[in-house]
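Letter by letter, the chains look like this.
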Amino acid sequence: MKNFCPFSSLSLLTFLLVAQFSCAQIEFLQSGPMLGYCEMREVMIWVQTTEPAEVKAVYWDSEEPDKKFETNAYQTNKREVYTARLIADEVLPGKNYDYQLYINNKPVKLDNPTSFSAQTDWAYKIDPPAFSVAMGSCAYINDPPYDRPGKPYGSNYQIFQSISNKNPDVMLWLGDNMYLRPADFYSRTGIMHRYTHTRSLPEMQSLLANAHHYAVWDDHDFGPNDSDRSYTHKEVTLEAFKLFWGNPTYGVNHKGGTTSFFKWNDIDFFLLDNRYFRSPDRRETGESTMLGEDQLEWLIDALTYSRAPFKMVVLGSQVLNTAPVFENYANRNKEERARLLKAIEEEDLKGVIFLTGDRHKSELSAYENGAGNMVYDLTVSPLTSGWYNSEDEPNEMRVEGTHVAQHNFGIIEFTGPFRERVLTMKLFDADGKELWKHVIEEQVIYGTKEKTEKKD
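Residues numbered from 1 in each chain as written. Predicted model: local features only at pLDDT ≥ 70, side-chain atom pairs only at ≥ 80, totals over all residues. Heavy atoms only, no water.

On to the side chain of Thr 114. Tracing the chain through its elements places Thr 114 in the loop between strand E8 (106–107) and strand E9 (115–117). Side-chain polar atoms of Thr 114 contact the backbone oxygen of Tyr 99, separated by 2.4 Å. Residues in contact with Thr 114, not counting those within four places in the same chain, are Pro 33, Asp 98, Tyr 99, Ala 209 and Asn 210. (Helix = DSSP H or I, 4+ residues; strand = E, 2+ residues; numbered from the N terminus. Polar contact = N/O pair within 3.5 Å; in protein donor to acceptor, adjacent residues only side chain to side chain. Contact = heavy atoms within 4.5 Å.)

Right, let's get into the packing of helix H3 (residues 188–199) against helix H6 (residues 234–244). Contact geometry of H3 with H6 gives a least axis separation of 10 Å together with a crossing angle of 30°. By the angle class used here, H3 and H6 are roughly parallel. Handedness of the crossing formed by H3 with H6: right-handed. Mapping the contact onto sequence places Arg 188, Ile 191, Met 192, Tyr 195, Thr 196 and Arg 199 in H3 and Val 236, Thr 237, Glu 239, Ala 240, Phe 241, Leu 243 and Phe 244 in H6. Along the lines of polarity and charge, the residues of the contact of H3 with H6 split into eight nonpolar, two polar and three charged. (Axes fitted to C-alpha atoms, helices over the stretch in contact; angles between N-to-C directions. Parallel < 35°, antiparallel > 145°, perpendicular 65-115°, else oblique. Left-handed = near helix turned anticlockwise from the far one by under 90°. Nonpolar A, V, L, I, M, F, W, Y, C, P; charged D, E, K, R; others polar.)

Turning our attention to the environment of Ile 344. Take Ile 344: it is sitting in helix H8 (residues 334–346). A relative accessible area of 1% means that Ile 344 is categorised as buried. For the pair Ile 344 and His 403, spaced 59 residues apart in sequence, the C-alpha separation works out to 26 Å. If we skip the residues at most four places from it in the chain, Ile 344 touches Leu 349, Val 352, Phe 354, Asn 369 and Val 375. (Buried < 20%, exposed > 50% of the residue type's maximum accessible area, 1.4 Å probe, protein only.)

Let's shift gears to helix H7 (residues 293–305). For H7, spanning 13 residues, the distance from its first C-alpha to its last is 18 Å, which sits close to the expected 18 Å at 1.5 Å a residue. Every buried residue of H7 is accounted for by Gln 295, Leu 296, Trp 298, Leu 299, Ile 300, Ala 302 and Leu 303. (Expected span 1.5 Å × (residues − 1).)

Taken as a whole, this structure holds 31 aromatic pairs when the rule is applied. Taken together, the aromatic side chains of Phe 160, Trp 173, Phe 185, Tyr 186, Trp 217, Phe 222, Tyr 231, Phe 241, Trp 245 and Tyr 250 make up a single cluster linked through ring pairs. The side chain of Lys 56 reaches across the aromatic face of Tyr 102, ending 5.6 Å from its centre. Above the plane of the ring of Trp 245 lies Arg 199, whose end atom (NZ or CZ) is 4.4 Å from the centre. (Phe/Tyr/Trp six-rings, centres within 6.5 Å; stacked < 30°, edge-to-face > 60°. Lys NZ or Arg CZ within 6 Å of the ring centre and 35° of its normal.)

Turning to the pairing of strand E3 (residues 54–61), a few remarks are in order. The element E3 is extensively covered by neighbouring structure, given that seven of its eight residues are classed as buried. Examined bridge by bridge, E3 and strand E5 (residues 74–75) share two bridges and lie antiparallel to one another. Pairing of Val 55 across the sheet is with Tyr 74, part of E5. When E3 meets strand E7 (residues 96–103), the two strands line up antiparallel, connected through seven bridges. (Pairing = 2+ DSSP bridges.)

Strand E15 (residues 311–315) sits mainly inside the fold: five of its five residues count as buried. The two faces of E15 match: Lys 311, Val 313 and Leu 315 on one face and Met 312 and Val 314 on the other face are all buried. Following the chain from strand E14 (residues 267–271) across H7 to the adjacent parallel E15, one finds a crossover that is right-handed. Note that E15 and strand E16 (residues 352–356) share five bridges and pair parallel. Paired with Lys 311 across the bridge in E16 is Val 352. With H8 bridging E15 and its parallel neighbour E16, the resulting β-α-β unit is right-handed. (Right-handed = clockwise from strand over helix to strand, strands pointing away.)

Let us look at the confidence of the model for the protein chain. Residues of the protein chain with pLDDT of at least 70 account for 93%, and the chain-wide mean is 94. Contacts of residues 1–10 to residues separated by more than four positions or lying in other chains number one contact, the stretch itself having pLDDT below 50. Scored below 50 in pLDDT, residues 12–19 shows one contact in the model against residues more than four places distant or in partner chains. (pLDDT = per-residue confidence, 0-100.)

A word on a negative patch on the surface. Judged by side-chain charge, Glu 39, Glu 42, Asp 89 and Glu 90 come together as a negatively charged surface patch. Positionally, Asp 89 belongs in the loop between strand E6 (83–88) and E7. (Patch = residues over 30% accessible without salt bridge, like charges linked within 9 Å, V, L, I, M, F, W, Y side chains within 5 Å. Areas by Shrake-Rupley, 256 points an atom, 1.4 Å probe, with all protein chains shown as cover. Salt bridge = Lys/Arg side-chain N within 4 Å of Asp/Glu carboxyl O. Lys, Arg positive; Asp, Glu negative; His and termini not counted. Charge placed at Lys NZ, Arg CZ, Asp CG, Glu CD.)

Time to look at the packing of H7 against H8. Relative orientation of the contacting elements H7 and H8 amounts to 20°, with a least axis distance of 10 Å. Here H7 is positioned roughly parallel relative to H8, judged by the angle of their axes. Judged by the twist between their axes, the crossing of H7 over H8 is right-handed. Contacts between H7 and H8 involve Glu 293, Leu 296, Glu 297, Leu 299 and Ile 300 on the former and, on the latter, Glu 336, Arg 339, Leu 340 and Ala 343. Its residues placed into classes, the contact of H7 with H8 shows five nonpolar, no polar and four charged.

The step from Gly 32 to Pro 33 runs through a cis peptide bond, and the omega angle for that step is 5°. For Pro 33, the position within the fold is in strand E1 (residues 29–38). Note that the residue after Ser 381, namely Pro 382, is joined by a cis bond; omega there is -5°. The residue Val 81 is not glycine, and still its phi comes out positive at about 55°. Structurally, Val 81 is set in the loop between E5 and E6. We classify Val 81 as buried; its relative accessible area is 12%.

Here it is, written out as C-alpha cells:
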C-alpha cells in the first residue's frame with residue numbers, strides 16, 4: 001500500500017486558490033480551444049472568449065512535463081469576435097504534447113483532455129505513419145428565435161462526441177459547417193453571431209480540442225441558400241471563415257476565397273472553394289463556372305505536381321454524381337466538370353479522390369476513366385441537419401450498397417508501408433456504429449498488384 005501524505009495547510013490553500021481561479025476563468029471561455037493546422041514545427045490553437053481577455057496556451061512534451069513552452073499571448077477584441085489564433089512554435093517533429101489554455105494568466109480547467117502531436121519527419125527515414133481523418137458536412141445547430149417554426153431541423157448532437165471517441169488525427173469539415181439564417185445574411189453582426197452560436201455547442205468541444213480541424217464551405221456558411229459570387233456580403237463571410245477556422249492559407253494567386261492545401265504525412269489534401277467564384281445557377285449567358293479559371297488551373301497544376309499516393313480533393317459539392325440535380329457539378333457546371341475530369345485523365349493522374357458534402361445523404365461514387373485510372377467521390381452528409389433519401393436518383397457512378405440517408409460521419413484511415421499504402425473508408429451513424437467499409441490499395445491503383453479492391 002502506498003504511503004498517503006496529506007496536504008499541508010499551505011499547500012491545501014494554494015490548491016484551493018488555483019482551483020478557484022481555474023473555475024473562474026472558464027466563465028471567460030466562449031468556445032474552444034480548437035486545434036487548427038498542424039505541421040512538424042508549428043501547431044495552431046484557436047480559442048474564443050466572451051469578452052476582451054488575454055489568452056495563451058502552455059504546452060509540454062508528454063514525456064517531459066516539467067519543461068513548459070508558451071504560445072504567443074493575444075488580447076482578444078470585439079472586432080475579431082474575441083477569437084485568437086495561438087501559435088505553438090517550439091514543437092518538434094513526431095512529439096506528443098499536452099496543453100492548457102490560460103485566460104488572463106490563469107489556467108482554465110476543462111472537462112476534456114487537451115493534447116496534440118506534431119507531424120512526423122518520416123520522409124527518407126521511416127515508413128509514413130498511419131493516421132485517420134474524420135469528416136462530415138451539414139451541421140445545423142438549432143437557435144429557436146431565428147429558426148423556422150415547427151419541428152427543429154437540427155438533432156443528434158451526440159454525433160460530435162461519437163467522432164471524438166474515434167480519436168481521429170484530423171477533422172475535415174466538408175461545407176455547410178453552420179447555417180446562416182435570414183436574420184444573419186446581410187449584417188456582420190448576424191454572421192458573427194451564427195459562427196459563435198454554432199462553435200459554442202457543448203457536445204462539440206471535445207472534438208475541437210483533440211483533432212486538427214480544416215474546413216471548406218458551401219452555400220449555407222457562405223451566404224443564403226444556393227448563393228454564388230453575386231452575394232454582396234461574401235467578403236464578410238470570408239472574414240468570418242478566417243476568424244473561426246484554422247486553415248494554413250486562404251486563396252490562391254491573390255484572388256480571394258478559401259482555397260488551401262495541407263499535407264499530412266504522405267497524403268495531399270486540396271481544399272477548394274465552390275462558392276466565391278461560382279456563377280449564378282440560373283444565369284443563361286456567359287461562362288458557367290464553379291471553381292473559376294484561376295482555382296481550376298491551380299488545382300490541375302497542384303495535382304500534377306503531387307507525388308502523394310492518394311490525392312484528396314475536398315469540395316462542398318458532389319463531383320462524380322451524374323444526376324444533373326440541385327447543385328451537383330454535373331448540373332449547371334457540367335462543362336467545367338468535364339474539363340477537370342478530362343485533365344485528370346490526360347495527365348494520367350492516379351489516386352484522385354474527391355471528398356464532398358452538401359447533399360444530406362452519403363454515398364461513394366467511382367468510375368474508371370479513359371486512361372484506366374479509378375476516380376472516386378466520397379460524399380458524407382449530414383452531421384446534424386435533416387437528411388434526404390435519394391437512393392432512386394440516377395447516379396450512374398454510385399458504388400452499390402453505399403447510399404446512406406441518416407445522420408452520419410466518415411472516417412478514412414491510411415495505413416501500410418511506403419508504396420504499399422492502404423486507404424480504408426468507413427461510414428458511421430450518429431452513435432458511432434459502422435455502416436459500411438470500402439478499401440482501396442495503392443498497389444492496385446498504380447498497377448503494381450492484381451486488382452483486389454473490396455467493400456463490406
